[in-house]
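This is what each chain is made of:
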Amino acid sequence: MNLVLDTDPLPPPERFPYWREAMLKHFGLQACCDPYHELSFQASLTQYAIGTVLLRETGGTPHTVERKRASADHRFIVQLQLKGWCEIRQGGEEIHLDP
């Protein structure tokens, strides 16, 4: 399934609520945001399906996306950090990604 999510066309006060709902609807993820940055929030995600492989390109201002419960979904995620940085925590492990 191809998917495009983008907050840019929305007025600033509507961007994070849209993103939070999209993360929950499409991925079952809870998105959190530092309230000091909510009005300047921007994010985008484009997903391409190639057979059973999903490729996603994401970008945006700093925010947290959190999976609240374990999932029966047994997919692998390969993440290539092209610019900026990312911090991932899972199962007591923590990694930092940068180009």
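Whatever comes next refers back to the structure up there.
Let me begin by describing the structure that accompanies this report. This one's a predicted model, so the numbers in the text were calculated from it and none came from an experiment.

### Section: the environment of glycine 28
Link 1 in the chain: When you line up the elements, glycine 28 lands in the loop between helix 1 (12–27) and strand 2 (30–32).
Link 2 in the chain: A C-alpha to C-alpha distance of 7.2 Å links glycine 28 and arginine 67, two positions 39 residues apart in sequence.

### A short note on the nonpolar core
Link 1 in the chain: Counting 13 residues, the largest nonpolar core has Leu5, Trp19, Met23, Phe27, Phe41 and Leu45 as its most contacted members.
Link 2 in the chain: Residue assignment for this core shows that the elements contributing at least two residues are strand 1 (3–6), helix 1 and strand 3 (43–50).
Link 3 in the chain: With 5 residues, the single largest contributor to this core is helix 1.

### Topic: the pairing of strand 1
Link 1 in the chain: What you see with strand 1 is a clean split: Leu3 and Leu5 sit on the buried side and Val4 and Asp6 on the side with no burial.
Link 2 in the chain: Both strand 1 and strand 3 contribute to a ladder of 4 bridges, which runs antiparallel. Among the inter-strand pairings, valine 4 is bridged to a residue of strand 3, identified as threonine 46.

### Structural notes on the state of the cysteines
Link 1 in the chain: Under the definition given, this model contains 0 disulfides.
Link 2 in the chain: Take cysteine 86: it sits in no disulfide, and the sulfur closest to it among the cysteines is that of cysteine 32, at 15 Å.

### Some points on the sheet that holds strand 3
Link 1 in the chain: Spatial ordering of the open sheet is given by 1-3-4, a layout of 3 strands whose pairing is antiparallel. In this open sheet, the two edge strands, each paired with only one partner strand, are strand 1 and strand 4 (53–60). Strand-to-strand twist of the sheet, defined as the mean angle between neighbouring strand axes without regard to direction, takes the value 10 degrees.
Link 2 in the chain: Bridge count for strand 3 against strand 4 is 8 bridges, and the pairing is antiparallel.

What counts and how
- Residues numbered from 1 in each chain as written.
- Predicted model: local features only at pLDDT ≥ 70, side-chain atom pairs only at ≥ 80, totals over all residues.
- Heavy atoms only, no water.
- Helix = DSSP H or I, 4+ residues; strand = E, 2+ residues; numbered from the N terminus.
- Core = buried A, V, L, I, M, F, W, Y, C linked by side-chain atoms within 4.5 Å.
- Buried < 20%, exposed > 50% of the residue type's maximum accessible area, 1.4 Å probe, protein only.
- Pairing = 2+ DSSP bridges.
- Disulfide = S-S within 2.5 Å.
- Axes fitted to C-alpha atoms, helices over the stretch in contact; angles between N-to-C directions.

The values are spatial; any link to function lies outside them.
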